[in-house]
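Residue strings, one per chain:
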Amino acid sequence: MVPPSCACCSAGNDSAIIPHIAAAAAPSADWTANVPDDGRLNKMTIVHPVDSLPQPSINAKGIITLPRPQPSHPLDPLSPAEISLAVATVRAAGKTPELKDGLRFMEIALLEPDKHVVALADAYFFPPFQPSLLPKGGFVIPTKLPPRCARLLVYNRKTNETSLWIVELSQVHAVTRGGNHLGKVISSQVVPDVQPPMDAVEYAECEAAVKSYPPFIEAMKKRGIENMELVMVDPWCAGYFSEADDPNRRLAKPIIFCKCESDCPMENGYARPVEGIFVLVDMQKMEVIQFEDRKLVPLPPVDPLRNYTHAATRGGTDRSDLKPLKIVQPEGPSFSVNGYYVEWQKWNFRIGFTPKEGLVIYSVAYVDGSQGLRPVAHRLSFVEMVVPYGDPNDPHYRKNAFDAGEDGLGRNAHSLKKGCDCSGIVKYFDAHFTNFTGGVETIENCDGKMEAEVKLTGILSMGALMPGEYRKYGTVIAPGLYAPVHQHFFVARMNMAVDSRPGEALNQVVEVNVKAEEPGDHNVHNNAFYAEETLLRSEMEAMRDCDPMTARSWIVRNTRSTNRTGHLTGYKLVPGSNCLPFAHSDAKFLRRGAFLKHNLWVTAYSPDELFPGGEFPNQNPRIGDGLPTWVTQNRSLEESDIVLWYVFGVTHVPRLEDWPVMPVEHIGFMLMPHGFFNCSPAIDVPPSKCELEAKEKDIKDNGVLKPIENSLASKL
């Protein structure tokens with residue numbers, strides 16, 4: 001639920017080269033450029049008071065350079081100063097001191113501007129200037145871009161209210177100088193019947209509240225646990241299973257574990273789950289409101305294999321046959337970074353980061369020779385991760401985390417280390433967030449990948465077994481310890497823009513299925529098969545599932561742009577391994593996660609449709625929020641601004657080899673050009689030095705020139 005941008009501008013015209021500038025004085029504070037519809041600016045009229053504004057300049061290639069009125073691109077993530085300004089503005093707008101004291105800042109992110117603003121910034125305000133991004137049609141170039149805005153998700157702990165704020169960041173410089181100027185509140189609204197994501201501070205407070213609760217302490221003593229420092233309390237969100245979980249209260253249902261050693265930094269406390277206890281915590285008041293010691297389940301015995309530490313701690317030795325790996329590029333990397341703008345060979349894009357999504361990739365485009373800059377996608381990100389468990393026993397049936405909506409994928413990012421997480425020449429980006437009380441926290445060196453790939457690893461969420469007990473819903477890992485079966489689902493949101501400038505709605509989606517030809521005159525050898533395309537004309541038609549039996553894929557095409565064969569240019573979504581939920585369609589977590597019922601959804605772009613389960617999945621009582629509701633509008637997709645929602649997952653039947661830390665498992669998908677280029681885009685990759693040396697050696701030794709296999713295959 002994202003309010004529309006607070007400012008926008010008109011834009012148009014595929015402006016090529018600006019031959020000259022003619023200036024004229026007039027009593028006005030702005031200067032403008034009126035551009036005709038023919039795609040070429042023959043004259044620019046600049047209107048300004050005498051020398052009150054900096055003059056634009058034009059380089060040798062005829063590309064205009066305009067004054068840069070603000071230091072940040074419209075898509076740059078919020079800086080620490082901007083976050084502080086936004087927080088101060090909202091605090092100052094509080095009605096009473098009591099209300100101000102209760103404010104907790106759950107998320108602060110850039111309010112992304114209208115696509116026309118982004119196009120204007122990329123075309124004329126920020127290098128490399130790309131006027132071809134603007135659609136054809138007359139437009140006016142303003143003297144400056146609209147102010148940046150922040151969007152704040154605020155929880156009031158005193159009133160249990162959630163509110164959304166839009167703040168214009170017009171005085172950021174004052175904050176950096178220690179001034180008292182504030183931004184401007186554009187809008188604020190209380191959102192009824194929702195609960196925002198949980199925060200790390202709340203989790204810590206919840207653990208303290210449970211561990212100090214006398215009945216809980218007594219229950220631990222029954223299990224032989226006297227030292228409460230050994231106890232781990234994981235405050236899982238309550239989900240929604242009945243009216244008792246309504247969002248009129250902010251609830252958590254913790255899961256309990258117990259460490260073996262309190263002073264071991266590598267101690268894996270998840271090896272000893274404490275079962276048979278039910279705890280319900282009111283997270284607003286931070287007090288236990290329901291407690292039941294339902295069943296005395298013995299703690300699993302201490303497992304010597306529980307910790308991921310040196311082999312000596314397990315009575316063995318570490319292997320010694322590993323050699324160091326060094327990746328070097330003596331001439332430097334093939335990419336360049338300017339702020340959050342990245343150029344890599346012929347690709348360019350912008351990097352963003354949000355508390356809920358983590359990494360966001362904007363404005364993906366390819367520089368294609370005489371065709372110039374060709375857009376591929378406006379915005380790419382992962383917008384949700386859902387992990388449902390398949391054990392019907394308590395507490396495992398309650399495990400169905402919505403990691404983006406309940407916690408925040410970005411807020412749980414980890415700092416990476418050069419030479420450790422990645423080798424070679426690496427560029428890391430920092431991420432800035434607000435904490436619970438409104439302060440700024442920075443995660444240094446956050447992940448900057450561009451792969452549509454998820455690598456799963458981590459520590460299994462375990463369950464305890466009674467002596468002699470066996471459960472078919474999991475795998476026994478150690479005596480008294482088992483790992484329940486579960487699934488991981490990820491949702492990628494891709495606002496595509498195949499050969500489309502901002503503001504154009506010229507894409508469509510076709511489904512491709514491979515079929516065997518029927519025996520007969522057209523298939524006398526019974527070997528024939530072909531690819532059949534079906535246009536997905538509307539949102540209800542575009543609820544689709546993967547089908548490996550037909551090698552199913554989907555192509556996003558531009559309805560006006562053709563390649564050299566006369567066919568429409570496109571990009572293909574190629575599924576990797578995938579699955580659907582094994583849970584029954586009436587499973588409680590599918591009330592909130594109905595979007596998991598299909599692998600592909602396609603919608604017409606709307607700026608307030610960002611998260612597949614709606615913005616507030618935490619304790620959400622409404623059935624089918626988000627995608628399942630939006631597609632009932634059944635908007636046309638025949639020529640549209642297309643958004644692909646790809647849901648992909650993996651079913652995890654745990655193995656002994658997954659303990660104590662699961663080896664990396666890869667899942668994902670590919671976006672591949674399909675008729676987008678006239679031939680392989682890597683055909684101009686030169687042969688490597690070793691291939692040239694091998695050629696010279698063959699001529700010298702044998703007098704014969706052998707054909708060279710250039711490095712095209714490996715580069716692809």
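Residues numbered from 1 in each chain as written. Predicted model: local features only at pLDDT ≥ 70, side-chain atom pairs only at ≥ 80, totals over all residues. Heavy atoms only, no water.

Draft legend 1. Expanded view of the overall build of the chain. Along the backbone of the chain there are 11 helices and 34 strands. Split into buried and exposed, the 716 residues of the chain put 49% on the buried side. Look at the contacts in the chain between residues 6 or more apart in sequence, and 68% of them connect residues 24 or more apart. (Helix = DSSP H or I, 4+ residues; strand = E, 2+ residues; numbered from the N terminus. Buried < 20%, exposed > 50% of the residue type's maximum accessible area, 1.4 Å probe, protein only. Contact = heavy atoms within 4.5 Å.)

Draft legend 2. Main features of the sheet that holds strand β12 (residues 273-274). Reading across from one edge, β9-β11-β12 is the order of the three strands in this open sheet, with antiparallel pairing throughout. The two strands at the open ends of the sheet, each matched to only one other strand, are β9 (231-234) and β12. One ladder, built from four bridges, connects β9 with strand β11 (residues 255-258); its direction is antiparallel. Paired with D234 across the two strands is I255, which belongs to β11. (Pairing = 2+ DSSP bridges.)

Draft legend 3. Representation of the sheet that holds strand β10 (residues 251-252). Spatial strand order, β10-β13-β14: three strands in an open sheet with antiparallel pairing. The open sheet has two edge strands, β10 and β14 (287-293), and neither has a second partner. Across two bridges, the pairing between β10 and strand β13 (residues 277-282) is antiparallel. Counted as the bridge partner of A252 is V281 from β13. Each of β13 and β14 is contacted by helix α6 (residues 214-222), which is oriented at about 30° to β14, the strand it contacts most. (Axes fitted to C-alpha atoms, helices over the stretch in contact; angles between N-to-C directions.)

Draft legend 4. Quick peek at the packing of aromatic side chains. With the rule as written, the count across this model stands at 15 aromatic pairs. Consider the rings of F216 and F291, whose centres lie 6.3 Å apart with planes at 80°: the pair is edge-to-face. Highlighted residues: F216 in helix α6 and F291 in strand β14, separated in sequence by 75 residues. Residues F216 and F291 agree in their burial class; the two are buried. When the centroid spacing of 4.9 Å and the interplanar angle of 85° are considered together, the rings of F676 and F677 count as edge-to-face. The exposure classification of F676 matches that of F677, with both residues buried. Aromatic rings pair up to connect W347, Y366, Y571, F676 and F677 into one cluster. Seen from the ring of Y155, R250 lies directly overhead, with NZ or CZ sitting 4.7 Å from the centre. Lying over the aromatic face of Y389, K399 brings its terminal NZ or CZ to 5.0 Å of the ring centre. (Phe/Tyr/Trp six-rings, centres within 6.5 Å; stacked < 30°, edge-to-face > 60°. Lys NZ or Arg CZ within 6 Å of the ring centre and 35° of its normal.)

Draft legend 5. Spotlight on the pattern of salt bridges. Scanning the model with the defined rule gives 38 salt bridges in all. For R552, the salt bridge identified is with D547, shortest N-O distance 3.9 Å. By relative accessible area, which is 22% here, D547 ends up partly exposed. In this structure, a network of salt bridges that share partners links the residues E275, D391, E469 and R471. (Salt bridge = Lys/Arg side-chain N within 4 Å of Asp/Glu carboxyl O.)

Draft legend 6. Geometry of the state of the cysteines. According to the stated counting rule, one finds zero disulfides in the structure shown. There is no disulfide at C258, and the cysteine sulfur nearest it, in C260, is 7.0 Å away. A relative accessible area of 2% means that C258 is categorised as buried. Free cysteine C546: the closest other cysteine sulfur is in C579, separated by 9.5 Å. (Disulfide = S-S within 2.5 Å.)

Draft legend 7. Geometry of helix α3 (residues 115-125). When you tally the buried positions in α3, you get 10 out of 11 residues, the bulk of the element. Those residues of α3 lying buried are K115, V117, V118, A119, L120, A121, D122, A123, Y124 and F125.

Draft legend 8. Expanded view of the pairing of β14. Here β13 runs beside β14; their pairing, made up of six bridges, is antiparallel. When the sheet's bridge partners are listed, D282 is paired in β14 with E287. Between β13 and β14, which pair antiparallel in sequence order, lie four residues; one of them, M286, sits at a positive phi of approximately 55°.

Draft legend 9. Quick look at the environment of L644. Relative to the helices and strands, L644 resides in strand β33 (residues 642-652). As for L644 and V556, which are separated by 88 residues in sequence, their C-alpha atoms are 9.0 Å apart. For L644, the contacting residues outside a window of four places in its chain are A492, R493, M494, M496, V509, V556, L573, L600, W601 and V602.

Draft legend 10. Local environment of the side chain of R223. With respect to the helices, strands and loops of the structure, R223 is situated in the loop between α6 and β9. A polar atom in the side chain of R223 sits 3.5 Å from the backbone oxygen of E275. A polar contact is formed between the side chain of R223 and the side chain of D293, at a distance of 2.8 Å. Not counting residues up to four positions away in its chain, the partners in contact with R223 are V274, E275, G276, I277, D293, K295, L296, V297 and L299. (Polar contact = N/O pair within 3.5 Å; in protein donor to acceptor, adjacent residues only side chain to side chain.)

Draft legend 11. Structural view of helix α5 (residues 200-211). Across its 12 residues, α5 extends 17 Å between first and last C-alpha, which sits within 8% of the 16 Å expected from 1.5 Å per residue. Inspection of α5 places E202, C206, A209 and V210 among the buried residues, and these make up the whole buried set. Taken around the axis of α5, the buried residues stretch over an arc of 95°, which confines them to a single face. Considering only its buried residues, α5 is in contact with β5 (103-110), α6, β9, β13 and β14. The distance from a side-chain oxygen at the start of α5 to the backbone nitrogen of V201 is 2.8 Å, and the residue carrying that oxygen is D199. (Expected span 1.5 Å × (residues − 1). Arc of directions from axis to C-beta.)

Draft legend 12. Molecular detail of the confidence of the model for the chain. Considering every residue of the chain, the mean pLDDT works out to 82; 79% of them sit at 70 or more. Across residues 1-56, confidence stays below pLDDT 50; counting only partners more than four residues off in sequence or on other chains, it has 146 contacts. Low confidence marks residues 174-179, where pLDDT is under 50. Its contacts with residues over four positions away, or in another chain, come to seven contacts. (pLDDT = per-residue confidence, 0-100.)

Draft legend 13. Structural context of the nonpolar core. In terms of nonpolar packing, the biggest core is built from 40 residues, with M494, M496, V509, L573, V602, L644 and F648 touching the most fellow members. Residues in contact with L573, not counting those within four places in the same chain, are M494, S553, W554, L600, L644, Y646, F669, M670 and L671. Core analysis: the second largest hydrophobic core is formed by 25 residues, F216, C237, V281 and F291 among them. (Core = buried A, V, L, I, M, F, W, Y, C linked by side-chain atoms within 4.5 Å.)

Draft legend 14. Molecular detail of unusual backbone geometry. Look at the link from P127 to P128: it is a cis peptide, with omega at -5°. Position of P128 among the secondary structure elements: in the loop between α3 and β6 (149-156). For the bond running from D394 to P395, omega is 5°, close enough to zero to count as cis. Note on placement: P395 falls in the loop between β19 (373-388) and β20 (400-402). Of note in the backbone geometry, S363 takes a positive phi value of approximately 50° without being a glycine. Residue placement: S363 occurs in strand β18 (residues 358-367). A relative accessible area of 22% means that S363 is categorised as partly exposed.

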